[in-house]
Amino acid sequence: QGLRVLLGRQCVVPAPTAPCLVAMSKWIEEELEDGLRGMYKIGKILASTTSKWQTVDVMELEPFGKCLMIDGLLQSTEVDEFVYHESLVHPAMLLHPNPKTVYIGGGGEGATAREVLRHKSVEKCVMVDIDGDVVDFCKEHLTENKEAFADPRLELVIDDAKKILEDSDRKYDVIIMDLDDPLEGGPCYQLYTKEFYEFCKTRLNPGGVLVTQAGQAGIKRHHIVWSAVHSTLRAVFPKVLPYNQAVYSFMDEWGWQLALSDDSLPSKLSVEEVDKRIADRINGELKFLDGESWQGIFSLSKKHRQTLKEETIVMTKGTHRFMHNTGLTVAEKEGAK
């Protein structure tokens, strides 16, 4: 729906009967679900571009710092992108005994590759994103990921993520799907299906691990896509580990699903073992994930566990669940009253 700006009022009211003193400011208003919207104050629009596929903005939002927005939707923010990306990448990488080859589907901003390349064992990371203009834009404006793009272990391919997997017989230790949400009419919903996961399994080395972002996973909306991705992966892989974590800028808990191709691999790690693997295998200090928080992301509420137990849908080429197609509302302008 594109980026639309709401010119709003900031009222300073010293007493109940005082007049409203108006200062104009720019806000964006995002529809989070039917009947629920969030508003964010814009500090500065830093850069914008439009590619063949999408519109991209980097801006400063007062609550979140520097933010990446695509087609008017918040993608990642300075204040908490590390929560999302550490949660996406490191559980899969740490559960694998020695990940050397990694495939990333999507991930154009470079943060997923940044976290993968912190692992000392990685020899090759293939990242495939369909939009080269957006990748170039993120290289220029998201400076925190520049080192990842310059790392010689990274092989960046501008193409369709599914096509590249199909056209090559190369296999990987870890496959990470950092895709757009499954939206009706969107470009990625076919990459959340049983058929696609069956194919991904053929592109994993023995003992390989697949992880995918799986959408909203809070107490109200986890039953829409997150639980369906879990049951779909369970139809393909012997062991699937669901997990979730609150991401402040997403205004909800977010969810991931991690699939093990070998169910003999240990899937539960102690606090001490996680901390040891992080210390031994990862360069630098993580901001979010450690042995304690690892236990937290895999500790699901009773409601979540019940939903997973009762979920029966397996998403296929003809059967889908879609997330709410959020967007920003039409601009409005308010004057002093």
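Our structure's up above, just so we're on the same page.
Everything numeric here is computed off the predicted structure, so don't read it as measured data. (Residues numbered from 1 in each chain as written. Predicted model: local features only at pLDDT ≥ 70, side-chain atom pairs only at ≥ 80, totals over all residues. Heavy atoms only, no water.)

**Looking at the packing of helix α1 (residues 81-95) against helix α8 (residues 271-281)**
The axes of two packed helices give the description: the angle between them and the distance between them. In contact at an axis separation of 11 Å, α1 and α8 are set at 95° when each is read in the N-to-C sense. Viewed along their axes, α1 and α8 adopt a mutual orientation that is roughly perpendicular. In this structure, α1 contributes Met93, Leu94 and Leu95 to the contact, and α8 contributes Arg277, Ile278 and Arg281. (Axes fitted to C-alpha atoms, helices over the stretch in contact; angles between N-to-C directions. Helix = DSSP H or I, 4+ residues; strand = E, 2+ residues; numbered from the N terminus. Parallel < 35°, antiparallel > 145°, perpendicular 65-115°, else oblique. Contact = heavy atoms within 4.5 Å.)

**What to know about the environment of glutamate 311**
Relative to the helices and strands, glutamate 311 is located in the loop between α10 (302-310) and β14 (327-328). When the C-alpha positions of glutamate 311 and threonine 232 are compared, they lie 9.7 Å apart, and in sequence the two are 79 residues distant. Leaving out residues up to four positions away in the same chain, glutamate 311 has contacts with His223, Ser227, Ala228, Ser231 and Arg321. At a separation of 3.1 Å, a polar atom in the side chain of glutamate 311 contacts the main-chain amide nitrogen of isoleucine 313. (Polar contact = N/O pair within 3.5 Å; in protein donor to acceptor, adjacent residues only side chain to side chain.)

**Concerning the pairing of strand β5 (residues 65-70)**
One ladder, built from six bridges, connects strand β4 (residues 55-61) with β5; its direction is antiparallel. For leucine 61, the partnering residue across the bridge sits in β5 and is glycine 65. What sits between the antiparallel neighbours β4 and β5 is a turn of three residues. Pairing of β5 with strand β6 (residues 73-77), which is carried by four bridges, proceeds in the antiparallel orientation. Pairing of isoleucine 70 across the sheet is with leucine 73, part of β6. Hairpin connection between β5 and β6: a loop of two residues separates the two successive antiparallel strands, and aspartate 71 in this loop has a positive phi of roughly 50°. (Pairing = 2+ DSSP bridges.)

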